[in-house]
Structures are given as C-alpha cells and as structure tokens.
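# Remarks on the overall topology
In case you want the letters, here they are:
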Amino acid sequence: MTSVDNVALGHDAIDREQTRERRESFSAFALNSPAIIWLVFMAVIPIGWSFWTSLHSMNLRRPHRTQFIGLDNYFELLHAPEFLNAIQVTAVFAAGTIAFSLLIGLLLALLLNEEFPGRSLVRALTLVPWAMPPVVVGLVWSWIYDGRFGLLNAIFKSFGIIRESRAWALDPDFAMASLITAQVWHQVPFVTIVFLAALQTIPDEFYEAAKVDGASRLSRFFHITLPWLSQAMLIVLITQTMEALRVFDLVFVLTGGGPGDATTVLGWLTYTRSFSFLDFGRGNSYAFVMAFMTLLLSVFYIRLLWKRGEFAR
Amino acid sequence: MATIEISDLHKRYGAVEIFRNLNLHVQDKEFVVLVGPSGCGKSTLLRMLAGLEDVTDGTISFDGTDVTDLKPKHRDVAMVFQNYALYPHMSVAKNMAFGLRMRGVTNAEIEQRVAAAAGVLGLTEYLERHPRELSGGQRQRVAMGRAIVRTPQVFLFDEPLSNLDALLRVDMRAEVKSLHQRLNATFVYVTHDQVEAMTMADRMVVMNNGTIEQVGAPLQVYDKPANVFVASFIGSPAMNMIRAKPSVANGQKVIRSDDGLTFPHPKNNTGCEGGLIVGFRPRDLNVVDKDTSGAIEAKVEIVEHTGVETLVYVRAGSHKLCMSIDKQEWSGLGESVCVLPDPANTHYFDETTKQRVG
Ligand SMILES: Nc1ncnc2c1ncn2[C@@H]1O[C@H](COP(=O)(O)OP(=O)(O)OP(=O)(O)O)[C@@H](O)[C@H]1O
Ligand SMILES: [Mg+2]
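Note that this is a predicted model, so its numbers are computed, not measured.

### Digging into the pairing of strand β8 (residues 186-191) of chain B
Residue and element names in this part refer to chain B. The buried fraction of β8 amounts to six of the six residues, a majority that puts the element mostly inside the structure. Neither face of β8 is left uncovered, since the one carrying Thr186, Val188 and Val190 and the one carrying Phe187, Tyr189 and Thr191 both have all their residues buried. Two strands pair when backbone bridges link them, and strand β3 (residues 31-35) and β8 are joined in this way by five bridges, in the parallel orientation. Bridging from a neighbouring strand, leucine 34 pairs with valine 190 of β8. The β-α-β motif built from strand β7 (residues 154-158), the intervening helix α5 (residues 166-183) and the parallel element β8 has right-handed crossover chirality.

Written as structure tokens, this is what we have:
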C-alpha cells in the first residue's frame, strides 16, 4: 500500500486495511503450515541436530562417554589420514566425472542438435540412464564389471584385449575408472539435455552472419557456439560437482570403498565412520565439510562464469 | 566493380516453389531495393545472393563470374540482418573486427579500419561496450559497421531498419543512402516499406509471390505502374481502382463502371475491348464545379487529417474513393461534392491480364 492510498483512505480505513493484511498473512501461514512443518521436521531439525552432533565426541559403542567438544572434530579431521585420503579420492573422482560427462554430454548435444533421421528416437533413448536410480545404475554396472560373467570381460576377450577375466570394480588399477565410468554414464543425459536446450536457443542469424564474415565451421564453434554455452556450462559444472562430491550409492553397490581405500570418497567415509564405526560425532563433521566444500566450489564457478554467461544473452 | 546478374533463377523448398525463372540485372554501384509484401521471397532472394541459401536452378554471377555455388565467404559480400545478429559476447569493436580477423587481416590494420568505420558511424565512444548495452539504433549502426569494415563489393541489407522507431528510421534512411555514396559499392536492400523503397532506391524491384512485377526508378514505377499489383502496392494511401467497360455516351467513347461512373477513354486504344480497371491516385482526384464535363457526383463520408494533407473519403455510386487535398479544415461531412480524376494521371489496366494498357 502506498502512502498516497493512506491519505485517501483515512485512519479508519487504514486500521481496517491493516487488520485485513494481518489476517491475510495469518491465513497464508496457516495454509502453508503443513509444508512448513514438514520442512522443519524433515530438514531443519535433522540438519541442526546433525551439526549439534558434530560438535560432540559421540561414539555409540561408548554412548555414556558422549561429551561436548566444540569444533575439535573439525580440527582433528585436518590431521586424519583417512580424511585427507578421502579428499584426494573424491577430487580424482570429481575431476574425472566432471571432465568426461561435460565432454561427452557436449558432443552428444552437438550431435543431437543436427538434423538426421531418427533423431527424436535417439534423443529419447539418451535420457534412459538418467531415469534410473543410482542404485540400479550401480547394479547394472556391477554385472557389466562382474569377474566371472561380466559383459566387459566377454567383450574384451572376444577382441583379444585381455586373456584372463577380472573383477574390474574390485581391481586396484581399475576400481576408480569403473566408478567414474558408471557415474558418467548416469550423468551424461542430464548434461546433454542442458547443453541441447542452450544450443537450440542460438539464433541461426549468428551462424549466417559468421558465414558471411568468413568464419569456418571450427571458428563458428569456438566464437559463437561455445561462448553461448557458458551459462549452460555453469549449470553443468555446479550440478556435476555436487553429484560427484556427494556420491555414495554407486560406491556402496560397486566397490564398497575398496580395494583398500582406493575408492573411499567422502560420502563413503562419512557413512562408514557413522554407521560402521558408530562414530557419529566425527561422521557428522565430515558431512558438514562436504556441504561446505560444495558451497565453496559453487561460489567459485559462479564467480568465474556468471559474468561471461550474462554477456551471452 | 560489381554487377550482379541473376538469370533463370529457380528456388524450391521441397514441393514449394518460391521462384520460377527469375531474371534481374543490377548495375555496378547501383542501389537496388527489393520491395514487396511479406512472404514474396525478398529475403530468400537476398540470401541466395549471399550464398546462405542453395539455388535450385539458374545462375547468379558477380561481374560475369559465376558464384552460384560459392560459399558466402568467397563472394565478397557483406550482409546486414534484420535483427542485427551482433555477437552478444563480443564488444562492439570485436564485432566489427570479426570478419577481418576471420580473413587473417593484421591486427594493426584491423584496428585502423575499425576506428575508421566507427568514426563514420559515430560509434567511437561505444567501441568497448557490448551489444546489450546499446540502443536499437546504435546496434543497427554496429551491424552496418561490421559490414563496411570489410569494404566488400556488394552489400546486402535485409530490412535493416524495421526494428527502429519511425523517427530513427527516417534518419537511418538518409545515413544508409549517404553510406552508399561514400562507399561506391553495389547495394541490394530488402524492405516491405514502400516509402523506404521510394526514398532510397536508384531502382526498385517490386516483387509479389515470387515474381518480379516491375523494375524501375522510383518515380517511373510510381507514375507508370506496370500492372494492378504495383499500382495498388506503391503509393499511400492506395490508388483508387474501379472496374469498368468501354461504352458510348453522348456520341463519345468512354469507360463506364457498372454503377454508372464514367471516365474518358484511354488515349491509345489498344486492348480496350474487354473489361478494364481504371485507377487514379488520391492525390489526382480533385474537387470540381458541378458543370465540369465528366464530373462525378459523390457524398463525403469520412475526413482524416494527417497533418500534411487532408484525406477525404467520398462515396460515388457503389464505390468508396479516397481524395487527398492540401491540409484544410473540411466541415462538409455528408455533403455532396463533384470530383474528377486528373485525366493525365489516370491509369488503365486490362481486367484479365492486370497489365497496364494506357
Ligand atoms: N525453409 C523454408 N521452407 C519452406 N518454405 C520457406 C522456407 N523459407 C521460406 N519459405 C517460404 O518462402 C517464401 C518467401 O519467404 P521470404 O522469407 O523470402 O519472404 P520475405 O519476402 O522476406 O517476407 P518478409 O517480408 O515477411 O520477410 C515464403 O512463402 C516462405 O513461407
Ligand atoms: Mg524477409
């Protein structure tokens, strides 16, 4: 309500108006309360509780020795070899999956942006992996990687690439690669769709102007297509980073963090710390470090790409 | 030097035929405007000249060299697009430099040429901005700057002014025209705006439905429209047209419409046996005394003031005619007046062929 309205309405009217507004905001709150209560119980309280737990030394094997230790869990994890290893493993996993899903997704989007017979069918098929829950993806790939009956062994053998079968996901040299492959397979559809959507908004006139300007196919790609995709790139980088940092289901099904700790990513470490070793204080601090790292990286990406992306509109 | 020769051009999109047997010759350094209603194929023709659209059949030559199958970059043409097509992530300077960069021109020369073009177009202070930080008119200028830095032989414009407001359009019209004089190049300019066509063209090409209806200097087209389409398309308000047949009145050969309006018989008698269409522009319809011979009685229905002129719509028989007179207060709504088209500027077209007969 503007002040001009106030003058025109007079005091009685203002009072009435304010009561009405108060009543309205109350009913808005009342109507939304189921959602709000749900959120409070399902998100706000658990997150708060988790943080509170991370400030304690709390191991369910010694429940009576639980005590408040402030940020000690956080200070200690900086020296914990298992944590530093997990950071490293997670970084390798993230770099691998982001790089490959970005590259493959981009190539696929460029392909699907061209006209060819059967394009819509291929587009639909591309989406299939994305529709699967990660656990199912893990199971599918665990069969592909299987040491005795796996598809991969069969294929490689038939081409004479290997002689002995191996359990790829459990092999120290290939466990990480197996994990990355499965994750990339799962994420590529999303990346493709994001890029494809952006590609389809590029006006033909840009390409035509560039053709008249004498730009080759390659320079058209680098000078027009790629800059235009910077916003889509930002979305892909952020989502893929989050997906990579919080990966758990795939590890659970495929490698169980092994062999040794070769694929013990942060998510897996958090899980084993909390639920195998029942060290809930430390486990929760890992969870918060993970969330914080994701946040930091997102801010970094946005800083890096936002301005350039904005120019593309 | 750049003449353009379009011969026997055909264009089909699948089963849809856009052009059949199109022929056009554009002289060196000529400013040719393609004008016609929406969908008549102006853009398609222009894009074929640029090399952006395949030619189904026929040839296009620049200076006697067949370029029909050449890629755009080998044609020495520049094109200004309707929506400007400025690269959004590049600064004005980079946009203008892009064509030169792609052609491997040295940095020093690029810089000098961009600066020169920016000077001509008044863009010097905007060189570091991005397109989204410019007004529509400034973007328009950048688009032209991008074309002129390359100093090509042929410039192609596809409705470059249609996104500007009316006032700016008038300014830019003059600017494009002076650019043409300065650059000494061949211009092919597409528009659906007949005023633009009239004011800018050395020669205008009136197109309709994939065919060329008339080619000629603006005044020639205006004064002697080759057929009914050109007569009705060029000129605003549109020409009055009345269907009529040869007849005899008071022993004189005249042309008479169904509802009894009579007009003098065209001077050269050829081909007047069947039905005719008589046409005269609003400007050529005058108020006359009642006893003037040939005067048509009419009733005033609507009066409009455009500022420069006053448009009087009158009803004569079953026809509604538009008359344009010098600006004046006109109070005679519903009054009867006598009007007479100027016989020297009355056009006659064959009703069946729609072609001019006198
Ligand atoms: N890719 C295409 N496939 C089929 N028909 C097309 C295609 N492109 C254009 N046309 C048809 O060709 C005709 C000419 O189109 P064009 O764009 O040249 O018209 P125009 O004269 O430039 O019209 P406007 O003034 O609206 O821009 C139109 O009838 C259009 O429907
Ligand atoms: Mg067009």
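### Thoughts on the site of ligand 1
All names here are of chain B. Contacts to ligand 1 come from Tyr13, Ile18, Ser38, Gly39, Cys40, Gly41, Lys42, Ser43, Thr44 and Glu159. At a separation of 2.5 Å, an oxygen atom of ligand 1 approaches a polar side-chain atom of serine 38. Within the backbone of glycine 39, a nitrogen or oxygen atom sits 2.7 Å from an oxygen atom of ligand 1. In the complex, the protein chains occlude 57% of the 640 Å² of accessible area that ligand 1 would expose alone.

### Remarks on the sheet that holds strand β18 (residues 319-326) of chain B
All names here are of chain B. Judged by pairing direction, the sheet is antiparallel, and its five strands sit side by side in the order β15-β19-β16-β17-β18 without closing on themselves. Both edges of this open sheet fall to β15 (285-287) and β18, since each of them pairs with a single strand only. In this sheet, adjacent strand axes meet at a mean angle of 45° when their direction is disregarded. As paired elements, strand β16 (residues 296-305) and strand β19 (residues 336-341) share four bridges and run antiparallel to each other. Paired with alanine 298 across the strands is valine 337, a residue of β19.

Procedures and definitions
- Residues numbered from 1 in each chain as written.
- Chains lettered and ligands numbered in written order.
- Predicted model: local features only at pLDDT ≥ 70, side-chain atom pairs only at ≥ 80, totals over all residues.
- Heavy atoms only, no water.
- Buried < 20%, exposed > 50% of the residue type's maximum accessible area, 1.4 Å probe, protein only.
- Helix = DSSP H or I, 4+ residues; strand = E, 2+ residues; numbered from the N terminus.
- Pairing = 2+ DSSP bridges.
- Right-handed = clockwise from strand over helix to strand, strands pointing away.
- Near = heavy atom within 4 Å.
- Polar contact = N/O pair within 3.5 Å; in protein donor to acceptor, adjacent residues only side chain to side chain.
- Areas by Shrake-Rupley, 256 points an atom, 1.4 Å probe, with all protein chains shown as cover.
- Axes fitted to C-alpha atoms, helices over the stretch in contact; angles between N-to-C directions.

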